[in-house]
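The residues making up each chain are set out below.
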Amino acid sequence: MRDGEGQAGAGCRLSVLLLASLSLAVYVWHVGVEFGRARTHGFPVYYTASRIVLQEPESFHRVYEDAWFVSKLQESGFPGVYDIYNVHPPTMALMMLPLVALAPDAARLVWCIGGVVLVALGLGVLGHALGVGWRTGLALAPLCLVLRPVWENLQYGQAYLLIFALQCVFIALVVRGSEAAAGAVLSSMLLLKTAGVWQLLALLAARRWRTVGGAAFGALLGAFVSLPVVGASAWVAYFRLLP
């Protein structure tokens, strides 16, 4: 009797996992068709910034000059798109380097599909860390992917799904008590988008000194290592724009 119940339970879990995987595959195909060739703001900024790093590193500090950067958007294959680099750290421009070798449409397609995979992986890591199992986290992926914030991130090719996956790893490391490693992951988020700086304030209030130290050290190390690539002048321009 117990063997039969166990087999039935295993079969049910397998069916749920297969259904979730099928739903994910259909969603990935739909995202590729829907957004693979979209002309929106968001993704063009990342792609163009990485392209400048590779092709015009001596001019990279000019990404903070709005008119100049918009002209580079057009040159990179995004006619009619207006967007600016805004007050983002220079290291954000390194994010798209592996995809710059591809044409803009192909790079965007890979980026969109990668975003879906990152959501699933993040949920799997988070589910395992919280004790509900990575399979449960993965099974929740199709439900999370229909949420409007996730859909809009895919539509505009934003980087927040990558940030989400890193955030899940950060939480998992905090739960495990690996505070220095958690700080290192947090530093990678800060080097991409400084919007997560509020977490440092929360960690300081909670006196999580090792996590704060890991984040500060990782951010400083990342900025230093980036100097030969983006140049010191880009960091100077960035800090001048901060409020």
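Before reading on, note that the structure itself is shown above.
Below is a short write-up of the structure. Worth saying up front: this structure is predicted, and the values here are computed from it rather than measured.

### What about the environment of His-41?
By the secondary structure assignment, His-41 is in the loop between α1 (2–35) and α2 (43–55). By relative accessible area, His-41 is classed as partly exposed at 39%. Remark: the alpha-carbon pair of His-41 and Gln-158, spanning 117 residues in sequence, is separated by 8.6 Å.

### With respect to empty space enclosed by the protein
With a probe scaled to a water molecule rolled over the atoms, the places where space remains empty come into view. Counted under the stated rule, the structure contains 1 cavity of 30 Å³ or more. Counted as a void, the largest cavity has a volume near 40 Å³. If you go around the largest cavity, the residues you meet are Thr-48, Arg-51, Ile-52, Gln-55, Glu-56, Lys-72, Glu-75 and Ser-76. Elements with a contribution of two residues or more to the lining of the largest cavity: α2 and α3 (66–75). A total of 4 residues in the lining of the largest cavity trace back to one element, the largest contributor, which is α2. Residue composition of the lining of the largest cavity, by class: 1 nonpolar, 3 polar and 4 charged.

### Observations concerning helix α8 (residues 160–176)
An ideal rise of 1.5 Å per residue puts 24 Å on 17 residues; α8 measures up with 24 Å between its terminal C-alpha atoms. Burial in α8 covers these residues: Leu-161, Leu-162, Ile-163, Ala-165, Leu-166, Cys-168, Phe-170, Ala-172 and Leu-173. Lining the buried residues of α8 we find α4 (104–129), α7 (148–156), α9 (179–192), α10 (197–205) and α11 (209–230).

### Thoughts on the side chain of Asn-153
Note on placement: Asn-153 falls in helix α7. Only 3.5 Å separates the side chain of Asn-153 from the backbone nitrogen of Tyr-160, close enough to count as a polar contact. Contact partners of Asn-153, with chain neighbours within four places excluded, come to Gln-158, Tyr-160 and Leu-161.

### Notes on the pattern of salt bridges
Tallied over the entire structure, the rule returns 5 salt bridges. Two residues, Arg-62 and Glu-65, come together in a salt bridge whose shortest N-O distance is 3.0 Å. For Arg-62, a relative accessible area of 30% puts it in the partly exposed group. Looking at Glu-65, the relative accessible area reads 37%, which means it is partly exposed.

### Quick notes on unusual backbone geometry
Phi is positive for Asn-86, which is not a glycine, with a value near 65 degrees. One non-glycine residue, Arg-207, lies in the positive phi region at around 60 degrees. With respect to the secondary-structure elements, Arg-207 resides in the loop between α10 and α11. In this structure Arg-207 comes out as exposed when scored by relative accessible area, which is 62%.

### Focus on α3
Considered for burial, the residues of α3 that qualify are Trp-68, Phe-69, Val-70, Lys-72 and Leu-73. Against α2 lie the buried residues of α3. Residue Gly-77 follows α3 closely and has a positive phi angle near 105 degrees.

### Quick look at the layout of surface pockets
For the largest pocket, the calculated volume is near 280 Å³. Around the largest pocket sit 15 residues that line it, and Leu-190, Leu-191, Thr-194, Ala-219 and Tyr-238 are the ones nearest its centre. For the lining of the largest pocket, the elements supplying multiple residues, two or more each, are α9, α10, α11 and α12 (232–241). Among the residues forming the lining of the largest pocket, the class breakdown is 13 nonpolar, 2 polar and no charged.

### What about the nonpolar core?
Of all hydrophobic cores here, the largest spans 45 residues; its most connected members are Phe-60, Val-63, Phe-69, Tyr-85, Met-95, Trp-111 and Leu-186. Top contributing element to this core by residue count: α2, with 7 residues. Every residue in contact with Phe-69, bar those within four places of it in the chain, is listed here: Val-45, Thr-48, Ala-49, Ile-52, Val-63, Asp-83, Ile-84 and Tyr-85. Counting residues in each nonpolar core, the second largest holds 9 residues, with Val-116, Val-119, Leu-145 and Leu-161 among its members.

### Details of the packing of α9 against α11
Packing of α9 against α11 brings their axes to within 7 Å, and their N-to-C directions diverge by 45 degrees. When the axes of α9 and α11 are compared, the pair comes out oblique. Judged by the twist between their axes, the crossing of α9 over α11 is right-handed. Between α9, through Glu-179, Ala-180, Ala-182, Gly-183, Ala-184, Leu-186, Ser-187 and Leu-191, and α11, the contact on the second element is made entirely by Arg-210, Thr-211, Gly-214, Ala-215, Gly-218, Ala-219, Gly-222 and Ala-223.

The rules behind these values
- Residues numbered from 1 in each chain as written.
- Predicted model: local features only at pLDDT ≥ 70, side-chain atom pairs only at ≥ 80, totals over all residues.
- Heavy atoms only, no water.
- Helix = DSSP H or I, 4+ residues; strand = E, 2+ residues; numbered from the N terminus.
- Buried < 20%, exposed > 50% of the residue type's maximum accessible area, 1.4 Å probe, protein only.
- 1 Å grid on protein atoms, 1.4 Å probe; cavity = no way out; pocket = protein on both sides within 12 Å on 5 of 7 lines; lining within 4 Å.
- Points joined across faces, edges and corners; volume = space filled by probe spheres on them.
- Nonpolar A, V, L, I, M, F, W, Y, C, P; charged D, E, K, R; others polar.
- Expected span 1.5 Å × (residues − 1).
- Contact = heavy atoms within 4.5 Å.
- Polar contact = N/O pair within 3.5 Å; in protein donor to acceptor, adjacent residues only side chain to side chain.
- Salt bridge = Lys/Arg side-chain N within 4 Å of Asp/Glu carboxyl O.
- Core = buried A, V, L, I, M, F, W, Y, C linked by side-chain atoms within 4.5 Å.
- Axes fitted to C-alpha atoms, helices over the stretch in contact; angles between N-to-C directions.
- Parallel < 35°, antiparallel > 145°, perpendicular 65-115°, else oblique.
- Left-handed = near helix turned anticlockwise from the far one by under 90°.

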